[in-house]
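Overview (structure and organization)
The chain contents come next:
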Amino acid sequence: MAFEVLFVCTGNICRSPMAERLLTARLRDVLPAGLDVVASSAGTGAVVGHGMDTPSLIALRELGGDSSGHVARMLTGALAEDADLVLTAESGHREQVLQAVPLAFRRTFTLREFARLGAGLGSLPEPSEAALRQRVAEVAARRGWADAPEPGADEIGDPFGATL
């Protein structure tokens, strides 16, 4: 069994595959033996079958990630149901996940919202799948207690069509 993180954006060719691949690259050498974290991504309006767009691919490589094998896919309820943590690029994506799977509320956040609410919780004493699930629950419990962000602060804008 693995701890599954699902990243969601619109087309699944920029933001969510970049987050997926960067998490995978960053965790490769730091996870303790026996702890399996699997990252994947999907889009609410995916450009199904396409790879990453060129500027995002270049930026990903410069940051140490690998885009090989990425193929855009559409978000489904099953993907969200199976994930232990769903991180979206924008609040609109979070809403679409929750419309499909309302019970995913306690494990679905924008990426920036999750970081903001989890700030100050410290590192896990003993990383494990159970501890990761517990941490997601702790972050969810902070909703409504943490200061509200500035409008738009939890959003990651869509870089599609932009220059590098």
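Provided above is the structure to which this section pertains.
Worth saying up front: this structure is predicted, and the values here are computed from it rather than measured.

1. Description of the side chain of Arg-107
With respect to the element layout, Arg-107 can be found in the loop between α4 (91–100) and β4 (108–110). Buried and unpaired, Arg-107 has no salt bridge, with Asp-84 as the nearest side chain of opposite charge at 6.7 Å.

2. Describing unusual backbone geometry
A positive phi is found at Asn-12, a non-glycine position, where the angle reads about 60 degrees. Mapping Asn-12 onto the fold places it in the loop between β1 (3–9) and α1 (15–27).

3. Remarks on the sheet that holds strand β3 (residues 85–88)
A sheet is described by the order of its strands in space; here 4 strands give the open sequence β2-β1-β3-β4, paired in parallel fashion. Unpaired on one side and paired on the other, β2 (37–43) and β4 mark the two borders of the sheet. Strand-to-strand, the axes of this sheet are offset by a mean angle of 25 degrees, without reference to chain direction. Sheet topology places β3 next to β4; 3 bridges connect them, and they run parallel. Looking at the pairing, Val-86 lines up with Thr-108 of β4. Set on the sheet, helix α5 (residues 111–118) makes contact with β1, β3 and β4; between it and β4 the angle comes to about 95 degrees.

4. So, a negative patch on the surface
Together, Glu-4, Asp-36, Glu-81 and Asp-82 make up a negatively charged patch on the protein surface. As for its position among the elements, Asp-82 is in helix α3 (residues 77–82).

5. Quick notes on α5
Regarding α5, the residues found buried are Glu-113, Phe-114 and Leu-117. One face of α5 carries all of its buried residues, which in axial projection span an arc of 100 degrees. In the stretch just after α5, Gly-120 is the one whose phi turns positive, near 90 degrees.

6. A word on the packing of aromatic side chains
One pass over the full model with this rule turns up 1 aromatic pair. Over the face of the ring belonging to Phe-105 we find Arg-143, whose NZ or CZ atom lies 4.4 Å from the ring centre.

7. Digging into the pattern of salt bridges
Under the defined criterion, the tally for this structure stands at 9 salt bridges. A salt bridge links Glu-138 to Arg-135, with the shortest nitrogen-to-oxygen separation between them at 2.8 Å. Linking Glu-138 with Arg-135, this pair stays in helix α6 (residues 129–141), spanning 3 residues, or about one helical turn. Accessibility expressed as a relative area gives 28% for Glu-138, which makes it partly exposed.

The rules behind the values
Residues numbered from 1 in each chain as written. Predicted model: local features only at pLDDT ≥ 70, side-chain atom pairs only at ≥ 80, totals over all residues. Heavy atoms only, no water. Helix = DSSP H or I, 4+ residues; strand = E, 2+ residues; numbered from the N terminus. Buried < 20%, exposed > 50% of the residue type's maximum accessible area, 1.4 Å probe, protein only. Lys, Arg positive; Asp, Glu negative; His and termini not counted. Salt bridge = Lys/Arg side-chain N within 4 Å of Asp/Glu carboxyl O. Pairing = 2+ DSSP bridges. Axes fitted to C-alpha atoms, helices over the stretch in contact; angles between N-to-C directions. Contact = heavy atoms within 4.5 Å. Patch = residues over 30% accessible without salt bridge, like charges linked within 9 Å, V, L, I, M, F, W, Y side chains within 5 Å. Areas by Shrake-Rupley, 256 points an atom, 1.4 Å probe, with all protein chains shown as cover. Charge placed at Lys NZ, Arg CZ, Asp CG, Glu CD. Arc of directions from axis to C-beta. Phe/Tyr/Trp six-rings, centres within 6.5 Å; stacked < 30°, edge-to-face > 60°. Lys NZ or Arg CZ within 6 Å of the ring centre and 35° of its normal.

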